[in-house]
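Commentary on secondary and tertiary structure
Chain by chain, the residues:
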Amino acid sequence: MDFLKLNENVPLTPTVKVGGIAVFKGFLPVTDQTRIVDDLRYVVGQAPTFSPKTKSGKKMSVQLTAAGEFGWFSDHQGYRYEKRHPTGVSWPEIPSSILSVWGSLAAHAPSPQCCLINYYEEGARMGMHQDRDEASFEWPVVSISLGDDALLRVGGQIKGGKTSSIWLQSGDVAVMGGDARLNFHGIDRIKFKSSNLLKNGGRLNVTLRVVT
Ligand code: SIN
Ligand code: FE2
């Protein structure tokens, strides 16, 4: 079992709430961020990132892969969870460094079954959406930001309503739970090369979910 330092020195109260999403600014010290990135390198080695197409046939600008029992996938048939990577291999196990973030912030919930990894290159973004492919919305989605700054936009449960936004920085952790679990959210843009955590710049976002 690998331990992160976070358990000892970070207060478990959100720094900010944005559209009901709890944001823990600076939750992960740089040593923990580096550790998680190293573990993600192993995951990506086993299960390379890919750019899925949406139902309408548009290629997503983020690249993604996953670890855990399920990975998230999309093509002309729509969004869904899959037990295997597009190449047919099982998804690698969720690294224990990442599981310990869940253990700190979602200890009441069952273990996460999907660790979705999104990579944002220069110019990548993510449109407003709800995370609703899971069987139950009782459990939170825990989201870890690594690398370049990203502008997160959060709305309510109805598309097109009022939104608010916040810049997420490397080491910030956001928790979408309770009344905010189904809030629309998206990434408007990243500030390319604003962080030096990733050698080639860009942003990694890791979300942990209970699927079934
Ligand atoms: C997501 O909604 O899956 C990603 C959010 C983010 O990149 O911070
Ligand atoms: Fe999402």
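Residues numbered from 1 in each chain as written. Chains lettered and ligands numbered in written order. Predicted model: local features only at pLDDT ≥ 70, side-chain atom pairs only at ≥ 80, totals over all residues. Heavy atoms only, no water.

**Some remarks on the overall build of the chain**
Our working rule: In DSSP terms, a helix is any run of H or I states spanning at least four residues, a strand is any run of E spanning at least two, and both are numbered starting from the N terminus. The atom set for the radius of gyration is the C-alpha atoms, and the globule formula is 2.2 Å times the number of residues raised to the power 0.38. Note on classification: 1.4 Å probe, protein chains only; a residue is buried when its accessible area is under 20% of the maximum for its type, exposed when over 50%, partly exposed between these limits. Throughout, the Shrake-Rupley method with a 1.4 Å probe supplies accessible areas, and for residues the shown protein chains are the sole cover considered. This count recognises Lys and Arg as positive and Asp and Glu as negative, with His and chain-terminal groups excluded. To locate a charge, take atom NZ for lysine, CZ for arginine, CG for aspartate or CD for glutamate.
Along its length, the chain carries three helices and 13 strands. Taking 212 residues into account, the globule formula puts the C-alpha radius of gyration at 17 Å, and the chain, at 16 Å, falls close to it. Principal-axis analysis of the C-alpha atoms gives the chain an extent of 45 × 40 × 35 Å. Across the 212 residues of the chain, 54% fall into the buried class. Element-wise, carbon and sulfur atoms account for 51% of the exposed surface of the chain, whose accessible area totals about 10,100 Å². Looking at charge distribution, the chain has the averaged site of its 24 positive side-chain charges lying 7 Å from that of its 20 negative ones.

**Notes on the site of ligand 1**
Heads up, the rule is: When at least one non-hydrogen atom of a residue lies within 4 Å of a molecule or strand, that residue is treated as near it. Counting of polar contacts relies on pairs of N or O atoms within 3.5 Å, with two restrictions inside protein: one atom must be capable of donating a hydrogen and the other of accepting it, and residues adjacent in sequence are counted only when both atoms are side-chain atoms. Gly falls in the polar group here, along with every residue not listed as nonpolar (Ala, Val, Leu, Ile, Met, Phe, Trp, Tyr, Cys, Pro) or charged (Asp, Glu, Lys, Arg).
Within the structure, ligand 1 sits among Asn 118, Tyr 120, Met 126, His 129, His 185, Ile 187, Arg 203, Asn 205 and Arg 209. Between ligand 1 and Tyr 120 there is a distance of 2.5 Å, counted from an oxygen atom to a side-chain nitrogen or oxygen. At 3.0 Å, a side-chain N or O of His 185 approaches an oxygen atom of ligand 1. When ligand 1 sits alone it has 260 Å² of accessible area, and the protein chains cover 96% of it. If you list the elements that add at least two residues to the shell around ligand 1, you get β6 (114–120), β7 (126–129), β12 (185–190) and β13 (203–209). At three residues, the largest contribution of residues to the shell around ligand 1 is made by β13. Among the residues making up the shell around ligand 1, the classes are represented as three nonpolar, four polar and two charged.

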